[in-house]
Amino acid sequence: MNQDIKYYGLRNQGATCYLNSILQVLFMTRVFREAIESCSKHHEDNINARLHTLFESLKEKTSETTEVTKTLRIEVYEQQDAGQYLEKILSGVSDKASQIFRGKLNHRTVCEKCRSHTDDIEEFFFLSLPLMDSKNGNFSVEDGIQEFLKVVQFYGEDQMYCDECEENSNTTVTYKLQHHPEILILLLKRFEYNYNYRSYRKDSRAVDVSYTINLPENQTYELYAMVDHFGVLTGGHYTATIKPEEEESWYEFNDSTVTLLDNQMLQRKFERSRNAHLLFYRKQSIGLQDEGQEEEGQPNLAENHNLINELDQRPERICCCQNNYVAISLPNSIGFWPAFAFNAICNMFCKRPYRGEE
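Residues numbered from 1 in each chain as written. Predicted model: local features only at pLDDT ≥ 70, side-chain atom pairs only at ≥ 80, totals over all residues. Heavy atoms only, no water.

### Notes on the packing of helix α2 (residues 30–39) against helix α3 (residues 47–58)
- For the pair α2 and α3, interaxial distance at closest approach is 9 Å and the crossing angle is 120°. Considering the angle they form, α2 stands oblique to α3. Crossing hand, α2 versus α3: left-handed. Here α2 contributes Phe32, Arg33, Ile36 and Glu37 to the contact with α3, which in turn contributes Asn48, Leu51, His52 and Phe55.
- Looking at side-chain class alone, the contact of α2 with α3 contains four nonpolar, two polar and two charged residues. (Axes fitted to C-alpha atoms, helices over the stretch in contact; angles between N-to-C directions. Helix = DSSP H or I, 4+ residues; strand = E, 2+ residues; numbered from the N terminus. Parallel < 35°, antiparallel > 145°, perpendicular 65-115°, else oblique. Left-handed = near helix turned anticlockwise from the far one by under 90°. Contact = heavy atoms within 4.5 Å. Nonpolar A, V, L, I, M, F, W, Y, C, P; charged D, E, K, R; others polar.)

Set out below in structure tokens:
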């Protein structure tokens, strides 16, 4: 490793590059690393303890993943899918650690005849985006998100059964993000079953990966890590490209080798890639309140005028008021996501109203 680089790699036990790549991203996700550290003493014999031991080692030297592969019952020299084992790890860690990546989707089914609807809440660790042709040129991450969240109509021969009408009727189905996770993971579905070849094949089409994305309810996310897959499905190689939270530089983590990238990607608005497989985005701001968020310990500022006034008295607060909205951000305040902005209707409650640019 270059002596000027302060990060360390992971040794490949034999076709474990997929595991090394996702472990490096998890290690470089500070809030996850800290959650593992705080929970490991209560979970001495499971994946939490193994990750904590590995993370402590990674702070000082190139490290081994032997204990992690034993805990996950991984057979070395067998290529596996990085997304599959990322989900396995996140399903096995403590709730405090896993909730960083856990989002919620509301799957709503509406009968067009009687207007009755049903809601099914689904939790997810990542959104799987199918790759497809785009009318505007290259397929982009935004195209995939729009396709995932679009309204689907079941009309004619595709009508769905309605319990209220007791018959088939025209139906619309929508997905809505009910809770936006602190870290949003997008999985680009590179590996799909090809009926012509009667086997799984890799889709290597170019995808425009934006460094900043905006989701419904004005949720902004910034890219900080990518897991790439090079080569074919049966004989490929995984690497991770990561921008540490406190830096502007990007690094490539290729098993035991860590390289500072010369071409600093932040100079562009997006990265065009034929190899990007997993994308990790960090939440930068919160727009409208997530549905049900107050039930999970997050204060609903839109309905709590006293809290707005109280926050405005804090010396560390950043507060501005414009168009009947107040934006308040606090660094690492208990009960809030760190350093995120909260928007709420204030009706001019703010004691230091917005005065324009100074």
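We are not done yet, so read on.
### Quick notes on the sheet that holds strand β18 (residues 270–273)
- Read across the open sheet, the three strands follow the order β4-β12-β18; overall the sheet is mixed. Pairing within the sheet leaves two strands with one partner each, and these edge strands are β4 (139–140) and β18.
- Here four bridges tie strand β12 (residues 207–210) to β18, and the two strands are oriented antiparallel to one another. By the bridge assignment, Asp208 is partnered in β18 with Arg272. (Pairing = 2+ DSSP bridges.)

### Some thoughts on the pairing of strand β8 (residues 171–179)
- One ladder, built from eight bridges, connects strand β1 (residues 103–111) with β8; its direction is antiparallel. By the bridge assignment for β8, Lys104 is matched with His179.
- Relative to β8, strand β5 (residues 152–154) runs antiparallel, the two sharing three bridges. Residue Gln153 lies in a different strand from β8, and its bridge partner there is Thr172.

### Quick word on unusual backbone geometry
- Despite not being glycine, Ala15 has its phi angle at roughly 60°, a positive value.
- Overall, Ala15 belongs to the partly exposed group, its relative accessible area being 26%.
- Within the chain, Glu166 stands out as a residue other than glycine whose phi angle is a positive 55°.
- Relative to the elements of secondary structure, Glu166 occurs in the loop between β6 (160–162) and β7 (167–169). (Buried < 20%, exposed > 50% of the residue type's maximum accessible area, 1.4 Å probe, protein only.)

### Thoughts on the pairing of strand β11 (residues 199–202)
- Relative to β11, strand β10 (residues 191–194) runs antiparallel, the two being bridged by four bridges. By the bridge assignment for β11, Asn194 is matched with Ser199.
- Following β10, the chain reverses through four residues before pairing antiparallel with β11; Arg198 in that reversal takes a positive phi of roughly 55°.

### Looking at the environment of Lys96
- Mapped onto the secondary structure, Lys96 falls in helix α6 (residues 95–98).
- In the structure, Lys96 is positioned 64 residues away from Phe32 in sequence and 8.6 Å away in space, judged by C-alpha atoms.
- Beyond its immediate stretch of four places on either side in the chain, Lys96 contacts Ala35, Ser38 and Cys39.
- At 3.1 Å, the side chain of Lys96 forms a polar contact with the side chain of Ser38. (Polar contact = N/O pair within 3.5 Å; in protein donor to acceptor, adjacent residues only side chain to side chain.)

### Description of helix α7 (residues 141–149)
- For α7, every residue scored as buried is listed here: Val141, Gly144, Ile145 and Leu149. Summarising the axial view, the buried residues of α7 lie within an arc of 120°, below the 170-degree limit, and thus occupy one face. (Arc of directions from axis to C-beta.)

### Some words on the environment of Leu260
- Considering the arrangement of structural elements, one finds Leu260 in strand β17 (residues 257–260).
- Taking relative accessible area as the criterion, Leu260 reaches 37% and is therefore assigned partly exposed.
- On a C-alpha basis, the gap between Leu260 and Lys243 in space is 10.0 Å, while along the polypeptide they are 17 residues apart.
- Ignoring sequence-local partners within four residues, the contact set of Leu260 consists of Ile5, Ser249, Trp250 and Tyr251.

### Regarding the sheet that holds strand β2 (residues 117–124)
- The strand order across the open sheet formed by four strands is β2-β1-β8-β5, and the pairing between neighbours is antiparallel. For this open sheet the edge positions go to β2 and β5, each flanked by a neighbour on one side alone. Ignoring strand direction, the axes of neighbouring strands in this sheet form an average angle of 25°.
- Direction of pairing for β1 relative to β2: antiparallel, over a ladder of eight bridges. Bridge pairing links His107 to Asp120 in β2.

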